[in-house]
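Take a look at the letters that make up each chain.
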Amino acid sequence: MIIKTQLSEKEMPTKFYNISADLKEPLPPVLHPGRKDPVGPDDLSPLFPMELIGQEVSQDRYIEIPEEVQNIYKLYRPSPLYRARNLEKVLDTPAKIFYKYEGVSPTGSHKPNTAIPQAFYNKKEGVKKLTTETGAGQWGSSLAFACNKFGIDLDVYMVKVSFNQKPYRRALMETFGARCIASPSIETEIGQKILAENPESTGSLGIAISEAVEQCVKSESTKYALGSVLNHVLTHQSIIGQEAMIQLEKEDEYPDIVVGCTGGGSNFAGIALPFLGKSFRDNSDIELKAIEPSACPSLTKGKYAYDFGDTGKMTPLTKMHTLGSEFVPPGFHAGGLRYHGMAPIISHLTNLGHISPEAYSQLDVFKAGVTFAKAEGIIPAPEANHAVKGAIEAALRCKESGENKTILFNLCGHGHFDMQAYIDYFDNKLFDDKYSESEIAMALSGLPSVG
Ligand SMILES: *Cc1c(COP(=O)(O)O)cnc(C)c1O
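All of the points below concern the structure found in this document. Bear in mind that the values here come from a model prediction, so they are computed numbers and not experimental data.

Criteria and cut-off values
- Residues numbered from 1 in each chain as written.
- Predicted model: local features only at pLDDT ≥ 70, side-chain atom pairs only at ≥ 80, totals over all residues.
- Heavy atoms only, no water.
- Pairing = 2+ DSSP bridges.
- Helix = DSSP H or I, 4+ residues; strand = E, 2+ residues; numbered from the N terminus.
- Axes fitted to C-alpha atoms, helices over the stretch in contact; angles between N-to-C directions.
- Contact = heavy atoms within 4.5 Å.
- Salt bridge = Lys/Arg side-chain N within 4 Å of Asp/Glu carboxyl O.
- Buried < 20%, exposed > 50% of the residue type's maximum accessible area, 1.4 Å probe, protein only.
- Polar contact = N/O pair within 3.5 Å; in protein donor to acceptor, adjacent residues only side chain to side chain.
- Near = heavy atom within 4 Å.
- Areas by Shrake-Rupley, 256 points an atom, 1.4 Å probe, with all protein chains shown as cover.
- Nonpolar A, V, L, I, M, F, W, Y, C, P; charged D, E, K, R; others polar.

This part takes up the sheet that holds strand β1 (residues 4-5). A sheet is described by the order of its strands in space; here 7 strands give the open sequence β1-β4-β5-β15-β10-β11-β14, paired in mixed fashion. The outermost strands of the open sheet, each flanked by one partner alone, are β1 and β14 (356-360). Direction of pairing for strand β10 (residues 257-261) relative to strand β11 (residues 287-293): parallel, over a ladder of 5 bridges. Bridging from a neighbouring strand, I257 pairs with E287 of β11.

What follows is the structure, given as structure tokens:
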């Protein structure tokens, strides 16, 4: 009986997969925040190295993974693929459930998959320092790990509510040599402005992005890195799905349904888009399920429109599913899913009907996570609990219909740094945080107008 499929280092994919090459309808252009016309490389070069700007607009199906990056990947890749046989039994479903486990990385999530190549390309182009933001700390700690590997300094603006709730993530960043600043901070003009208006502000990803971007553009040899949303980030994460495809092939399996949780869309893209691209190329069917929190429901309740990526309205405008860049989601525990927008590629594919989004509340999601932990022995990150919930729901639908479908989901991280969330859940202190309808309506009424 096979439970776990391991690949050897030699079997690790050596190229990233870029879905842009297989899109029948191209992505809408990214617009300059002031001019409202399409951005060019010169607009982005203060923020990103040229190689990443090139990948952002690349139409090449495959992009070579540099050898230096492959060598660091080998610290934790290829990651294992598991068959969740115990969970199948608990659910009494005829479905087969497979999951790819990204919790084996140095920081316990999929984020190093893009942090490592981003740090590498910056180093190659002479960058001395990076700035970034982080929500729950997953991205900040992953980039801290990668920057340390390539000798780059790093300043991380961490959303204040998480900075206070998750001191261990901060310690992890500091262990790898990064500086971690609670956002909003007095180190930037936007931070000062927000604190003047609301000294009690607990921050948001949108605010932290503004701070990191502001600090980056003020300094010559400093660039900025983003852990999700952008095309090149989704491309780097394709290593997950490509590995899963090889692993499933070894077991003579192919998924009917692929499930992932969506904050900015990168881990979902990582597991799902290599399969979607293949289905485009051979005209086959595949069902993709993007699972989001019902307290920050950008795909299911947001508007598909041009919007800013940050609260300070400094970033370029992208067409995406958005709740409005001024929307501050309630403080639920899946910090990595508290973002007002969505990756333009995921939004585009959802709009074309290739992805079906589902939203679940915090309590339902933790219940699913505990069921999974008891069955399989891994405690998922609160974000990953959303993917678990989506997979369980799909398996239960198979039970109802008697279909023995194959389900693949991404267990994008472990929850070892998030045990307070589990403590709160067991103490009945977790609530189904409701977003405020009127706040979303207000944030959406402030969407920028484009010609
Ligand atoms: C950051 C993070 C997410 C959300 O980001 P995506 O880009 O949607 O993947 C989800 N899960 C974990 C464990 C994360 O660290």
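Resuming the write-up.
This part takes up the sheet that holds strand β7 (residues 153-159). Reading across from one edge, β8-β7-β6-β9 is the order of the 4 strands in this open sheet, with parallel pairing throughout. Each edge of the sheet is formed by a strand with only one pairing partner; in this case those strands are β8 (179-183) and β9 (222-224). In this sheet, neighbouring strand axes are inclined to one another by 25 degrees on average, regardless of whether the strands run parallel or antiparallel. Together, β6 (129-134) and β7 form the strand contacts of helix α6 (residues 138-150), whose direction differs from that of β6 by roughly 160 degrees.

Our focus in this paragraph is the pattern of salt bridges. According to the stated counting rule, one finds 25 salt bridges in the structure shown. Of the charged contacts in the structure, one is a salt bridge between E174 and R170, with a shortest N-O distance of 4.0 Å. On the criterion of helical spacing, the pair formed by E174 and R170 is a turn pair, its members being 4 residues apart in helix α8 (residues 167-175). Overall, E174 belongs to the partly exposed group, its relative accessible area being 41%. K389 is the salt-bridge partner of E393, the closest N and O atoms lying 2.9 Å from each other. In this pair, E393 and K389 are both assigned in helix α16 (residues 382-401), 4 residues apart and thus about one turn of the helix distant. We classify E393 as partly exposed; its relative accessible area is 21%. On the accessibility criterion, K389 (12% relative accessible area) is buried. Three or more residues joined by partner-sharing salt bridges are found here, namely E287, K289, E358, R397, E403 and K405.

Further remarks concern the pairing of β11. Among the 7 residues that make up β11, 6 are buried, leaving the element largely enclosed by the rest of the structure. Strand direction decides the pairing type here: β11 and β14, joined by 5 bridges, are parallel. Its bridge partner being in β14, E292 is matched across the sheet by A359.

Below, the discussion takes up the side chain of Q70. Mapped onto the secondary structure, Q70 falls in helix α3 (residues 67-73). Within the local environment of Q70, its side chain forms a polar contact with the backbone oxygen of I65, the two atoms lying 2.9 Å apart. Not counting the four nearest positions on each side in its chain, Q70 is found in contact with M12, T14 and I65.

This part covers the site of the ligand. Looking at the ligand, there are 16 residues lining it, with K111, S228, G263, S266 and N267 nearest. At a separation of 3.0 Å, an oxygen atom of the ligand approaches a polar side-chain atom of H110. Protein chains bury 97% of the 390 Å² of accessible surface belonging to the ligand in isolation. Of the residues that constitute the shell around the ligand, the class distribution is 3 nonpolar, 11 polar and 2 charged.

Function cannot be inferred from these measures alone, as they are strictly geometric.
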